[in-house]
Amino acid sequence: MSDIFFTIGNMAFAKPQLVHWLALLFVIVALMISCRAALERLSKQNRRKWLLIGLNLIAFIAISGFIFKPLWKSTEGQVVTLITASFSELKDPLKNQPDFLWYKPTNQQVEEFQINPEQIILAPEQLNLRFSKIDKLIVRGDGLNADEWQSINAGKIEYSSPQVIPGFVNPQWRNQVNIGDFFSVSGEVSFSLLSKSSHPEVKSKTDKSTVSKNRLVKSKILKVELIDPAGQVVAANDVLDGEYFELEHRPKLLGNHIYNIELSRLVKNVKEIIATEKIGVSVVKQIGLNLLILQSSPSFETKQLQNWAAENGARILVKSQISKDRFITRKINFDDLKQNDLSRELFEKMDLVLADSRALVLLNSATSETLLEAVKNGLGLMVLADYSQMEKAHTSHWLQDKFNLVNDESHDSAQVYWSNDNAGLRSQSNLFLPRVKAKFNKSSKIQPMAFSSEGEALVSSVELGKGKIAQSLVRETARWVTRGERAIYSHYWQSLIRQISRRAIKIQIDLFGVKSILSENQRVRVCINDIDSSSLSISSSTNVQRILLQASKSNSRSNCGVFWPQAGWSTILHKDEKDNVISHSFYSASTNQWKTQRQYSRMNASLDKVESNSQLATLSKPGFLPISLWWFWWIFISCASLLWIEKKLFDESS
Amino acid sequence: MADLDNANSILSDIDVLIKEAKKNKWISFVFSSIIIFITAAATSWIASFDLAFGIFIAALASAVFLFISFYSYAYRSINRINMVDHLNRHIPEYEESLQLVFNRKPTPLQLIQLQKISTIFNANTESGAHQSILPKFTIRFGLSYSLAIFAVIAATSFFSNYLDRNDNLSSSKNSDTTVENKPFELLDSKVSIQPPGYTRVPSSNQSDLNLEVLDGSKIEWLLSFSRSDAEYFWLGTDGVAHALTQKPDGSWSYAVEINETGFYRFAYKVNDRIANLPEVYTIEVVKDRIPKIKIQEPVRSLVEFAKNDPTQFTITALINDDYGIEQVDILASVAKGSGEAVKFRDKQFKFDTNEATEKGAVYAKTWSLPELEMEPGDEVYFHIKAKDNKQPRAQWGKSSSIIIRWLDNKVVETTAEGIQIRFIPEYFRSQRQIIIETEQLIADRADLSKDNFEDKSRDLGHSQSDLKEKYGQYLGDEIGEGPGEQFGLADGYHGGEDVVHGEASAGIEQSEHEDSEHHGSERENGGAEQHEEHVDEKPEVGHLHQEMVDDSDKSGASELIARFAHNHGSVEVGALSKRDPKTWMKMAVHEMWQAELHLMLSEPEKALPFEYKAYDYLKLARQAERIYVKRLGFEPPPVKEDRRLTGELDKILSYSLSITDKREADNQNDIIQNGFTSINRATSKKLLSKEDREHLKALSKLMLQLSETRPALISHAATVEKILTFGNTRLTACGNCIEKLNQKLWQLMSNPVSRPSPIVLDSELGPEPMNSYINLIRQIDQSEAIRIGKE
């Protein structure tokens, strides 16, 4: 704001220049001439004479105001208006004033509103650099996100929410899945119909829910569809506005894929698409499982499991007992395994041991100790229950100690329910499978993993050190296969294996600060659990950049770095000392995508800021606001028009 | 005065002489210019210059000469003074004093001389002595100039020809080089398609090289290429090069008969090397369908006549084919006798009448049982065969079998258990097949024309309708009761894999589809609706076991216990489902109605969920009719543990076995996955690696195989070929073919089976980093507390 030169009452004037004085002189001369002419012409008509002189004086004042542009004292102190994204209607007469700023306007906005470059700020810190003290900050549009608000210091904050962009908010999905896994996307639908005339304003201390309670013209059922890369709808849900949804699908191919999630509704039986967003999913090959099967006798159940696991890349060692001290060992896809005996070295190489109860109770104590020690170090153990552990001879066995099975003759079959990763419990088969006539005695340490239709645990696990031991009462899951439900069979076992088996210790690349949406130019922290790694490379469609890593302060076994991704697919690559390449692909959304979510997060952050910022600012010095020049102009035009009309109507000589 | 008169007289005579001299000069000039003109023109003509140009040159030369001549010193110097000098020099009698005539005030001596020379001058004038010394007419300069012009033109012509010759040589060399550098391109194409004669489809011409033709069509290509200095070839799917024939006008032609869907391309041969042109074109072959026979009457597959019933019956069949039916026969087999004494006698009949309708030809025949030499107790099995007019080998269609039984006043016996007469004719689609083909149709929607799509959809609708009618007969719907135990379930279940929700991936999970279909109807009704719970077809949780209910218990507890105690008895005994097969089949038929409706409306996406449900119900019906019986007979005692594992092991050769599980390398899913990976690895800058090439070749081969039954895939096979040709994915005139190919591969891939895999930490903050983070915070807090404490 220009320096105040002169104040009179609530009005202030900036320092005038020479041209202002010259213009004033000219106007005074014109006034004098006009007044004199009026006096001469209307010497005998006092009323009209003084009327004309009055009009001349008013016109003079108007022109003077036009020349000197006076300011009016503001009782609110320094008021700054900040326009943010999604602002579309500009009615404010302050738009050309220096306290009216635009935050990252688009090119279209710059052209449409003819924004002066001096009124644009690109970072919120610039606001306080321009105005050392802001008494009142008026924010229009989406607002600012939480990080941006932290950079702003203002007294009173007034926030007006914009028209809600319909779409999806709080989306969540896993960026990377193994082939064969379910990929699930969830979120909420945001779609509110506003009447055009209402723009509810949110003052400070307003309840956050006020904004969400926009006046609904009509609420209708909306449809959320998940569309696979081939363009086909693979999952759909009918939802209401504001409702949570969850959709899932199993990607078919390895690689990087873009799914679309679409929000639509039927309007007179015609589908109207409201919003579409892209979801990037990287489907990777699963890490192979090292499986050890210990069986007291061959069974169809383990045979089916072997078939399934071997077909899908697992490496299997099967030990079948054929005498009291002899096993037949069968290696499948495991040529490089040298150990055959049940030793610590063998257990260390395995991810999961599958055994029946009888095989375990018949192990000698040394082997049992070794096995338990291995479980404590992370090995998973899955036990197919039978009645052996409940026999008198084995009631003190550690297996019975952990799971405490008791006879239960009431059930010999069950329909199995298990967790479908994100979707909660569901059973995909209506087949009743045989089960051991026993039940788990309740214990707080036992965690159920699969249930019967009555809620009884059919598979339970306990933690032992870093590993887990699970026991299954379900028998003959292979019936799913013979029934033609191979997919269900594989899903069931995969679900159990993932929960029980050893966590894969490998060099892993993790992205932090990313729940689901990764945006271009968003700060992302990447860590790799390889302390020998000093850099990573990130390749996108246009370039390759190198990120330097430093030791993480929160995890001594990781090195971390920061980068800002470009829109589209990028791949982080790491090569270890053995020249093994590990990669992690991710998709970054452009700023044009997920507008609803961006708006939602900004609106929420702004509302939070408004609520938290409740104290009024004290004025350090009076602020002055410019008076609109239109007033002066219209006053001058009015006076000049009246003068002209008077002359034309009443002057006989004209 | 008299002297002045003399002087004037002399001067006037001198002027006359001057005029005469000038006259002589310009006559010379003019004649010379004429000579120059003629010479220049003639020379130009001889030098093969353009005539007009030559005349122009000549005229220009003449004009220049004249201009120069008239402004030359020789002409301009003809004046009084020079004339007087000339006369003084050539006539000594003037004693070099003739210039006295210019003196207006001569001295007396000059006057005397003047008088003297004037007398001599007059005398010479009369004698003509002056004329003899004037410049004469001459063409000497003209000739010399002409000679010069001739020389110049001739030299110009000579050198011009020389230069031209060299230019021609070099330009001919250049043009040879340009021809060599010109790329091989197909400039123009025209394809003539002549369908087989029996189809009576007229020939057609087109310029588009991607063809859709009838099986057996003769195709002739007429092509023109950018270069004529090579041989050209036509290469089909097999890669064998067939030489094109060059015509006198420079175009190339090739003709072949096409029977298989595939793709083709052109190649050229230069320096014994054959190189392919980049574009790959597709040929989609529309096969001639086998005749379709639908027996309209009798409706049921088994017709029984009581002993005293009228023995006449009518057979009516609707037969249609793409292009024509040539022959229709009724094959009947009469069975006489019973048990081991059954004798069969085969006969063949023709229909009595046939009538053409919109839907096809309706054949009818009226029979009587005695006419078939039957007696009460005999049976006749007949079916209809129809041959179409396909050339060179006709195709036969066969109908379902109908059984006519003439009863012998005995009770209808149940058919022998275990006998299943295959009543499903060859063309009859099972429910599984309908599902598979519906999924394929949905997947191929983008590649098919609207009419084609609707035709296929309706065709599937007819198949669904036929299947529904068969089941309806079995269930004894409005058609009437009838034993149907001998009929197998045409659900297509072969005891193996389930129908995977595969290719279409419009395989929305059925639970969701139940939602959508329910809500769809609600939406059509309008208004704000709430979610409604949809009824799953899963067995209810807790169901009543009547055998467990204690009737004496009035509290209802036993009923509760019976409901929730879940005693199914022994697993080895009992039906797997509480519903009988017919109930499930009725539910299946109900779903088939809906499926048929949507298929007829060309809405296969909406039909698919109903088809799946029908299939599931049929499976349940199949399972419901199974009864697992506990093994009876000798029940060996359980093995005692101390005796267990005490067998002899001396015959065991090895206690260790190592095998490698090898899946078939040509597994379809692997081929598609490898192909997909290779395509997406091949960017516009990077060329295909050897491994990628192998994968893409396998993919191309697979797509060719699949296109035999799904011609819509051939365009994608062509895209793969183009990628192999270009070596990368930067294809010309491709549009978004790569994207479409990726989408098609996705569709072709079946749903993956879950695979065993150990747990992998999520990309979110896992528990280990989280714990470390928490520990760090604690450390910071502790150190802060210590610091504050110190302060």
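Residues numbered from 1 in each chain as written. Chains lettered and ligands numbered in written order. Predicted model: local features only at pLDDT ≥ 70, side-chain atom pairs only at ≥ 80, totals over all residues.

Undergrad: Would you mind going over the overall build of chain A with me for this structure?
TA: Along chain A, the regular secondary structure elements total 15 helices and 40 strands. Relative to its 654 residues, chain A shows a buried fraction of 39%. (Helix = DSSP H or I, 4+ residues; strand = E, 2+ residues; numbered from the N terminus. Buried ≥ 20, exposed ≤ 12 C-beta atoms within 10 Å, placed from the backbone.)

Undergrad: What's the story with the overall build of chain B in this structure? I'm lost.
TA: Scanning chain B from terminus to terminus reveals 18 helices and 24 strands. Burial status across chain B gives 29% buried among its 791 residues. Across chain B, contacts joining residues at least 24 apart in sequence account for 69% of those joining residues at least 6 apart. (Contact = placed C-beta atoms within 7 Å.)

Undergrad: Explain the pairing of strand S35 (residues 544–548) of chain A to me, please; I cannot follow it from the model alone.
TA: Each regular strand displays side chains that alternate between the two surfaces of the sheet. All names here are of chain A. The element S35 is largely exposed, with a buried count of zero among its five residues. The pairing of strand S34 (residues 535–539) with S35 spans five bridges and is antiparallel. Considered in S35, the bridge of Ile538 is made with Gln545. Linkage of S34 to S35, two consecutive antiparallel strands, is achieved through a turn of four residues. (Pairing = 2+ DSSP bridges.)

Undergrad: Looking at this structure, I do not really get the packing of helix H2 (residues 46–68) of chain A against helix H15 (residues 629–650) of chain A. What am I missing?
TA: Residue and element names in this part refer to chain A. Taken N-terminus to C-terminus, the directions of H2 and H15 make an angle of 150 degrees; their axes are 8 Å apart at the nearest point. Judged on the interaxial angle alone, H15 and H2 are roughly antiparallel. The crossing of H2 and H15 is left-handed. For the pair formed by H2 and H15, the contact residues are Leu52, Leu55, Ile58, Ala59, Ala62, Ile63, Gly65 and Phe66 on the first element and Leu629, Phe632, Trp633, Ile635, Phe636, Cys639, Ala640, Leu642, Leu643 and Glu646 on the second. Tallied by class, residues from the contact of H2 with H15 come to 16 nonpolar, one polar and one charged. (Axes fitted to C-alpha atoms, helices over the stretch in contact; angles between N-to-C directions. Parallel < 35°, antiparallel > 145°, perpendicular 65-115°, else oblique. Left-handed = near helix turned anticlockwise from the far one by under 90°. Nonpolar A, V, L, I, M, F, W, Y, C, P; charged D, E, K, R; others polar.)

Undergrad: Would you mind showing me how to read the sheet that holds strand S15 (residues 244–249) of chain A here?
TA: In a beta sheet, neighbouring strands pair by backbone hydrogen bonds and run either parallel or antiparallel. All names here are of chain A. Strand order across the open sheet formed by three strands is S9-S11-S15, with antiparallel pairing between neighbours. Looking at the sheet topology across the chains shown, the edges are occupied by strand S9 (167–173) and S15. Each strand of the sheet is rotated relative to its neighbour by a mean of 25 degrees, with strand direction disregarded. Against the sheet, helix H14 (residues 595–612) makes contact with S9 and strand S11 (183–190), and its axis sits at roughly 95 degrees relative to S9, the strand it touches most.

Undergrad: I would appreciate a short explanation of the packing of helix H14 (residues 668–681) of chain B against helix H17 (residues 737–748) of chain B in the present structure.
TA: Helices that pack against each other are described as a pair by the angle of their axes relative to one another and the distance between those axes. Residues and elements named next belong to chain B. For the pair H14 and H17, the least separation of the axes is 10 Å and the interaxial angle reads 155 degrees. Viewed along their axes, H14 and H17 adopt a mutual orientation that is roughly antiparallel. For the element pair H14 and H17, the recorded crossing hand is left-handed. Judged by residue contacts, Ile672, Gly675, Phe676 and Ile679 of H14 engage Ile738, Leu741, Asn742, Leu745 and Leu748 from H17. Across the contact of H14 with H17, the residue classes break down as seven nonpolar, two polar and no charged.

Undergrad: Teacher, can you tell me more about unusual backbone geometry here?
TA: Phi is mostly negative for residues that are not glycine, and the peptide bonds are mostly trans. For the peptide bond that leads from Glu297(B) to Pro298(B), omega is 5 degrees, which places it in the cis range. Looking at the secondary structure, you find Pro298(B) in the loop between strand S12 (292–297) and strand S13 (302–305). For the bond running from Gln391(B) to Pro392(B), omega is 0 degrees, close enough to zero to count as cis. Despite not being glycine, Asn170(A) has its phi angle at roughly 50 degrees, a positive value. Among the residues examined, Asn170(A) registers 15 C-beta atoms within 10 Å and is labelled partly exposed. Of note, Asn269(A) is a non-glycine position whose phi angle comes to about 65 degrees, a positive value. Locating Asn269(A) in the fold gives a position in the loop between strand S16 (255–267) and strand S17 (270–284).

Undergrad: I tried to follow the sheet that holds strand S14 (residues 312–320) of chain B on my own but got confused; where do I start?
TA: Residues and elements named next belong to chain B. Strand order in the open sheet formed by four strands is S12-S14-S18-S17, with antiparallel pairing between adjacent strands. Whereas interior strands pair on both sides, the edge strands pair on one side only; in this sheet they are S12 and strand S17 (353–356). Shown here is a sheet whose adjacent strand axes are inclined to one another by a mean of 25 degrees, direction ignored. Of the pairings in the sheet, the one linking S12 to S14 comprises five bridges and is antiparallel in character. Along S14, the bridge assignment pairs Glu297 with Thr316.

Undergrad: I would appreciate a short explanation of the environment of Asp346(B) in the present structure.
TA: All names here are of chain B. Position of Asp346 relative to the elements: it lies in strand S16 (residues 343–349). Between the C-alpha atom of Asp346 and that of Leu331, which follows or precedes it by 15 residues, the distance is 7.2 Å. The residues touching Asp346, leaving out its near neighbours within four places in the chain, are Leu331 and Ser333.

Undergrad: What's the story with the nonpolar core in this structure? I'm lost.
TA: Soluble globular proteins tend to bury their nonpolar side chains together. Core analysis: the biggest nonpolar cluster contains 93 residues, and Leu82(A), Leu101(A), Leu137(A), Val224(A), Leu226(A), Phe263(B) and Ala717(B) have the highest contact counts within it. Residues Trp308(A), Leu346(A), Phe347(A) and Leu433(A) belong to the second largest nonpolar core, which totals 67 residues. (Core = buried A, V, L, I, M, F, W, Y, C linked by C-beta atoms within 7 Å.)

Undergrad: Please clarify how the confidence of the model for chain A should be interpreted in this entry.
TA: Detailed reading of the predicted coordinates is not advisable wherever pLDDT falls low. Residues and elements named next belong to chain A. Of all residues in chain A, 87% attain a pLDDT of 70 or more, and the chain-wide mean is 81. Below pLDDT 50 for its whole length, residues 193–219 participates in 42 contacts with residues either more than four positions away or in separate chains. Low confidence marks residues 616–622, where pLDDT is under 50. Its contacts with residues over four positions away, or in another chain, come to 11 contacts. (pLDDT = per-residue confidence, 0-100.)

Undergrad: Please explain the environment of Leu407(B) as it appears in this structure.
TA: Along the chain, Leu407(B) falls in the loop between strand S21 (402–406) and helix H8 (431–443). Excluding its chain neighbours within four sequence positions, the residues that come into contact with Leu407(B) are Glu304(B), Phe305(B), Ala306(B), Lys307(B) and Pro376(B).

Undergrad: What should I look at first to understand the pairing of strand S5 (residues 231–235) of chain B in this one?
TA: Residues and elements named next belong to chain B. Relative to strand S9 (residues 262–270), S5 runs antiparallel, the two being bridged by five bridges. Each residue of the ladder has a partner; that of Glu231, found in S9, is Lys269. Note that S5 and strand S6 (residues 241–243) share three bridges and pair antiparallel. Paired with Phe233 across the bridge in S6 is Ala243.

Undergrad: Just to check I follow, could you spell out helix H4 (residues 80–90) of chain B for this structure?
TA: One turn of an α-helix holds 3.6 residues; hence residues three or four places apart share an orientation. Residues and elements named next belong to chain B. Those residues of H4 that sit buried are Met83, Val84, His86 and Leu87. Taken around the axis of H4, the buried residues stretch over an arc of 160 degrees, which confines them to a single face. Looking at H4, the residues exposed on the side facing more than 90 degrees away from the buried face are Ile81 and Arg89. (Arc of directions from axis to C-beta.)

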